[in-house]
Amino acid sequence: MNRLNACGKKKPSGCYNRKKAKESAQKNASVIAKIPKLINYFTIQGATKTIWFKITINKTNLWCLTLFISLVSDDPALWTTNEDTINHVIEHGFKQNLQNSQFPESKRIIPGTSSRFRYLSLSLFQRTLLNGELGNREYLSYSVTTGSVYCVPCRLFGNQVPIAQEGWSDWKHPERVTDHENTNDHKNCVLTMIERNRKKGKIDSELIASLEFEKKYWRNVLTRVVAIVVSLTSRGLPMRGHNECFGSLHNGNFMRELELIAQFDPFLSKHIAQYRNSGRGKVSYLSSTTYYEVIHIMKNKIMKTIINEVKNAKYFSIVVDSTPDISHTDQLSLIYRYVLNGIPVERFIQFIPNTGHKSKEIADAVLKAIRVHEHGLDIKNCRGQSYDNASNMSGKYSGLQARIKEVSPLAEYAPCSAHSLNLVGQCAADSSQESTAFFCLMQNINVFFSSSTSRWTTFISHTSTNITLKRKSDTRWSARYDMCFSLLKNWDSIITSLINIRDSTSEKAITKNEAKGLFLHLNKLETAILVLFWGDVLERFNLINKKLQSISIDLITVSNLYSSLINYVKQLRSTSMFEQCEKKALLLSNVKKYDENRKKKRKLAHDETRKNEIVQDSRTKFRVNTYIEIVVRLTSELKKRKIAYDEINNNFGFLFNLTKLNSVELTNCADLLHKKYTNDLPSSFANECIHFKGYLISKLKTESMTILEMQQFIIENKVQEVFPYIEIATRMFLSIPASNCSAERSFSALKRIKNYLRSKLNEELLNDYAILHIEAELVKTIEFDEVIDKFTSTKTRKKCI
């Protein structure tokens, strides 16, 4: 029903409007059906494979359609030989179609049989010269439709031979291809194709030259961008600033380096002048979006390199440790250790955030990281694991090591040797009240002088050395050695400074009183003895600790170093060593007697007398209760920590003394190792060990070598094929980590990358930065062209229909 509108005219009903719309749609559809398709306007020779189009919007918001039509098929059997086909092949090349090396379409029945067939072999595309050198037959192309091979130069330039026109498939006589390539007609066709390829005189040559110029221009821009990214990320420096404006003082390191290079690079200077501060919508490749993508591409390439190295090495170990970052997020560091070309390497993999502190949560996070698609490693090839001595990590029954062993029983747990050595020193320092008070005194002296510029100036004015006071660290015992060493070198200077401050009339009473207290505690014979004793002990501990932090160290060397410390500490227990230390302390402090304390009288029972009661003097009391107690605690803790490494060395230790064992002992040890690693070592492993022992004796002048030297000896002499399982055994042993110092080093990188100015850095970008910074040596091996090619492939806007 029609209605009246505001002007009094009749308004069509909804039913009428729908009817009209339907008729209009049918009319448009019939018109579109009569219009020829766009592809019909092109004359296409052969089989059209692909039509590419790109739709862009110009400044006037008009749609532009660009077509790219491939006129020539990849199959040479479908070609129509004309000038267009020749130009296309000359410009774009041709494919040999070797993707499927089985060539199922080349199936040909053997004459005289009904069920026997011949197929094309991949070796046909190679030829062997008379001197044995191999070359490729790059002129051949395989046709999927006919199952034959074609000589492309002869097909394009009119050589009327079967291999050029109908295709060749006589697989029984491959020598006929050699006969063909030696003919003059074939050689002339190849030379003609080379000459045409050199000239390339086509209609669109100017357009192609323009495109090539554009490609070269933007590659030059991206080369400079990648170089700056490598420079900054390898040193852990931030990229962005407060803004991204050229000319600003707060535009960050990336733009600052661009501006610096532009001062000496006319190309970059012109590019920045043209595209500076262009904003969104205009491509310049100078924004944070670009270099973030470049960083991610480089990170993926480094990760792929590491994973390929691990897979080639087969056996690997994991090192795990955690620390909170600046944003109070707990970051779990994952390290892989494996043997590469006979040398142990440890590679950082990633930080895993917020895993929790329970062993199950940590184990789930680690196993998930190992098994993800990026890594794809088999956890059963894990041969070692190393953590610190925390119970949730090192627990035998429910710790992380136990949960890893559930899925990989051969993953031997080796506690961090450097961390264990620190715990030995911590237990010994806390073994007596006097020892604890001594380290507190050293810390108080450092705090007293360093907390005031006036007091520090007083100390500096009295010292004649360049060694200043050091502060204590709860984790690094090398810092405690530095404390003892600096206190020993500045003993007289500290005493003089404390006396001057104590007697000064310009100082506050509380400061004078504090100086007096420190002087009284420092000016004791017991303190001088402890300075000398701990200075000697911590010097040995510090040197051993630095050795234990080496990546190339093995567990046998760790055990030997622990044994040497045990023997050294045992010698300190003797009376002669204490007297020698006492004489040095008398010369250092000029104090001639021990501190006399009030003697406590023990309450006697009603039937007890003091007859024959032994009362120790101050010297004996200090020697027994402090000096010997520290030595005993050091010895017992070193022995306890050494047991963990001896259990692993019992399996592999015989390799260290291979030339010293007789055949029976060597066979027994090799059989024990074979029983533990039945899937890696054969039952004939003992026989190979005996043979290798004779080979070592004949080649070496020394009677022993480390397992690392043995691994390198096998590789350098190229005898892996003769002694393959010796190489496997040494590789498995060297893959077991002796410390988790690489994880500690990654924490230092974490603090440099995610600092208080970058506390909101997301986890993906944090891992990208971290792996490029920590594995900077691998970053140097990346070719810039590879990064640029990957970047450009992700930026293509072509769509296939």
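Residues numbered from 1 in each chain as written. Predicted model: local features only at pLDDT ≥ 70, side-chain atom pairs only at ≥ 80, totals over all residues. Heavy atoms only, no water.

Here's the deal with the overall build of the protein chain
Okay, step 1: Looking only at helices and strands, one finds 31 helices and 16 strands in the protein chain.
Okay, step 2: Surface exposure of the protein chain reaches about 45000 Å², of which carbon and sulfur atoms provide 52%. (Helix = DSSP H or I, 4+ residues; strand = E, 2+ residues; numbered from the N terminus. Areas by Shrake-Rupley, 256 points an atom, 1.4 Å probe, with all protein chains shown as cover.)

Considering the sheet that holds strand S14 (residues 382–386)
Okay, step 1: With respect to topology, five strands assemble into an open sheet ordered S13-S12-S11-S14-S15, the strand pairing being mixed. Each having just a single partner strand, strand S13 (343–353) and strand S15 (412–413) make up the two edges of the open sheet.
Okay, step 2: Strand contacts of helix H29 (residues 763–774): strand S12 (330–340) and S13, with the helix running at about 160 degrees to S13, the strand carrying the most contacts. (Pairing = 2+ DSSP bridges. Contact = heavy atoms within 4.5 Å. Axes fitted to C-alpha atoms, helices over the stretch in contact; angles between N-to-C directions.)

Regarding the nonpolar core
Okay, step 1: Within the largest apolar cluster, 103 residues are counted, with the highest numbers of intra-cluster contacts made by Trp534, Phe654 and Phe692.
Okay, step 2: Counting residues per element, this core draws most heavily on helix H20 (residues 525–548), at 13 residues.
Okay, step 3: The residues touching Phe692, leaving out its near neighbours within four places in the chain, are Leu658, Met710, Phe713, Ile714, Phe723 and Ile726.
Okay, step 4: Val221, Val230, Tyr275 and Leu778 belong to the second-largest nonpolar core, a separate cluster that totals 79 residues. (Core = buried A, V, L, I, M, F, W, Y, C linked by side-chain atoms within 4.5 Å. Buried < 20%, exposed > 50% of the residue type's maximum accessible area, 1.4 Å probe, protein only.)

Let's talk about the pairing of strand S11 (residues 316–324)
Okay, step 1: Counting buried positions along S11 gives seven out of nine residues, so the element sits mostly inside the fold.
Okay, step 2: As consecutive antiparallel partners, S11 and S12 are separated by five residues, and within that stretch His328 has a phi angle of approximately 65 degrees, a positive value.
Okay, step 3: Inspection of the sheet shows S11 paired to S14 by four bridges, in the parallel sense. Directly across from Ser317, in S14, lies its bridge partner Gly384.

Thoughts on the environment of Phe449
Okay, step 1: Within the secondary structure, Phe449 sits in helix H15 (residues 433–450).
Okay, step 2: Residue Phe449 is classed as buried on the basis of its relative accessible area, which comes to 0%.
Okay, step 3: Each C-alpha atom of the pair Phe449 and Ile494 lies 9.4 Å from the other, and the pair is 45 residues apart in sequence.
Okay, step 4: Each residue touching Phe449, except ones within four places of it in the same chain, is listed here: Arg455, Trp456, Phe459, Leu469, Ile494, Ser497, Leu498 and Ile501.

Side note on the pattern of salt bridges
Okay, step 1: Under the defined criterion, the tally for this structure stands at 27 salt bridges.
Okay, step 2: Here Glu259 and Arg256 are joined by a salt bridge, their closest N and O atoms 3.6 Å apart. Note that Glu259 and Arg256 are positioned in helix H8 (residues 252–262) at a spacing of three residues, about one turn of the helix.
Okay, step 3: Taking relative accessible area as the criterion, Arg256 reaches 43% and is therefore assigned partly exposed.
Okay, step 4: Put simply, Arg641 and Glu637 hold a salt bridge, and the shortest N to O gap is 3.8 Å. (Salt bridge = Lys/Arg side-chain N within 4 Å of Asp/Glu carboxyl O.)

Observations concerning the state of the cysteines
Okay, step 1: A full pass over the atoms with the stated rule returns zero disulfides.
Okay, step 2: Here Cys154 is not cross-linked by a disulfide; its sulfur's nearest cysteine counterpart is in Cys151, at 3.4 Å.
Okay, step 3: Taking the relative accessible area as the measure of exposure, Cys154 reaches 0% and is therefore buried.
Okay, step 4: Of the cysteine sulfurs around Cys689, a residue in no disulfide, the closest is that of Cys669, at 9.3 Å.
Okay, step 5: Residue Cys689 is classed as buried on the basis of its relative accessible area, which comes to 0%. (Disulfide = S-S within 2.5 Å.)

Considerations on the confidence of the model for the protein chain
Okay, step 1: Averaged over every residue, the pLDDT of the protein chain is 84; the share at 70 or more is 90%.
Okay, step 2: Under a pLDDT of 50 for its full length, residues 41–70 has, in the predicted model, 61 contacts with residues more than four places off or in other chains. (pLDDT = per-residue confidence, 0-100.)

Concerning the packing of H20 against helix H23 (residues 618–652)
Okay, step 1: Where H20 meets H23, the closest approach of the two axes is 12 Å, and the angle between their N-to-C directions is 15 degrees. Taken as axis vectors, H20 and H23 run roughly parallel relative to one another. Between H20 and H23 lies a crossing whose hand is right-handed. Residues Glu526, Ile529, Leu530, Phe533, Trp534, Val537 and Phe541 of H20 form the contact with H23, whose participating residues are Phe622, Thr626, Tyr627, Ile630, Val631, Leu634 and Leu638.
Okay, step 2: Looking at the contact of H20 with H23 residue by residue, the classes come out as 12 nonpolar, one polar and one charged. (Parallel < 35°, antiparallel > 145°, perpendicular 65-115°, else oblique. Left-handed = near helix turned anticlockwise from the far one by under 90°. Nonpolar A, V, L, I, M, F, W, Y, C, P; charged D, E, K, R; others polar.)

Some remarks on the packing of aromatic side chains
Okay, step 1: Evaluation of the coordinates by the stated rule reveals 28 aromatic pairs.
Okay, step 2: Ring centres of Phe448 and Phe449 lie 5.2 Å apart, and the angle between their planes is 80 degrees; on these two criteria the pair is classed as edge-to-face.
Okay, step 3: Judged by its relative accessible area of 1%, Phe448 falls in the buried class.
Okay, step 4: Between the aromatic rings of Tyr562 and Tyr645, the centroid separation amounts to 5.7 Å while the plane-to-plane angle is 55 degrees, which identifies the pairing as tilted. One end of the pair, Tyr562, is in helix H21 (residues 555–572); the other, Tyr645, is in helix H23, with 83 residues separating them in the sequence. (Phe/Tyr/Trp six-rings, centres within 6.5 Å; stacked < 30°, edge-to-face > 60°.)

Overview of the side chain of Asn446
Okay, step 1: When you line up the elements, Asn446 lands in helix H15.
Okay, step 2: Excluding its chain neighbours within four sequence positions, the residues that come into contact with Asn446 are Leu469, Lys470 and Arg471.

Looking at unusual backbone geometry
Okay, step 1: Phi at Phe103 is positive, roughly 50 degrees, even though this residue is not glycine.
Okay, step 2: In the Ramachandran plot, His328 falls in the positive-phi region, its phi being about 65 degrees despite a non-glycine side chain.
Okay, step 3: Note on placement: His328 falls in the loop between S11 and S12.

Looking at H21
Okay, step 1: Its 18 residues give H21 an end-to-end C-alpha distance of 26 Å, which sits within 8% of 26 Å, the value for a rise of 1.5 Å per residue.
Okay, step 2: For H21, every residue scored as buried is listed here: Leu555, Ile556, Thr557, Val558, Ser559, Leu561, Tyr562, Leu565, Ile566, Val569 and Leu572.
Okay, step 3: In this structure, the buried side of H21 is in contact with helix H14 (417–429), H20, helix H22 (575–589), H23, helix H26 (707–716) and helix H27 (724–734).
Okay, step 4: Among the residues of H21, the N-terminal cap falls to Asp554, whose side-chain oxygen and the backbone nitrogen of Ile556 are separated by 3.0 Å. (Expected span 1.5 Å × (residues − 1). Polar contact = N/O pair within 3.5 Å; in protein donor to acceptor, adjacent residues only side chain to side chain.)

Things to note about H27
Okay, step 1: Counting buried positions along H27 yields nine of 11 residues, so the element is predominantly enclosed.
Okay, step 2: Within H27, the full set of buried residues consists of Ile726, Glu727, Ile728, Ala729, Thr730, Arg731, Met732, Phe733 and Leu734.

A word on a nonpolar patch on the surface
Okay, step 1: Nonpolar side chains collect at one region of the surface, where Val31, Ile32 and Ile35 lie side by side and expose about 290 Å² of accessible area between them.
Okay, step 2: By the element assignment, Val31 lies in helix H1 (residues 14–34). (Patch = residues over 30% accessible without salt bridge, like charges linked within 9 Å, V, L, I, M, F, W, Y side chains within 5 Å.)

Notes on the packing of helix H24 (residues 663–676) against helix H25 (residues 685–699)
Okay, step 1: Where H24 contacts H25, the axes come no closer than 8 Å and their chain directions differ by 135 degrees. For the element pair H24 / H25, the angle class is oblique. For the crossing formed where H24 meets H25, the hand is right-handed. Residues Ser663, Leu666, Thr667, Ala670, Asp671 and Leu673 of H24 form the contact with H25, whose own contacting residues are Phe685, Ala686, Cys689, Ile690 and Lys693.
Okay, step 2: Split into classes, the residues belonging to the contact of H24 with H25 amount to seven nonpolar, two polar and two charged.

Notes on the environment of Leu750
Okay, step 1: As for its placement among the helices and strands, Leu750 is situated in helix H28 (residues 741–753).
Okay, step 2: As for Leu750 and Ile326, which are separated by 424 residues in sequence, their C-alpha atoms are 9.0 Å apart.
Okay, step 3: Beyond its immediate stretch of four places on either side in the chain, Leu750 contacts Thr323, Asp325, Gln331, Phe351 and Leu766.

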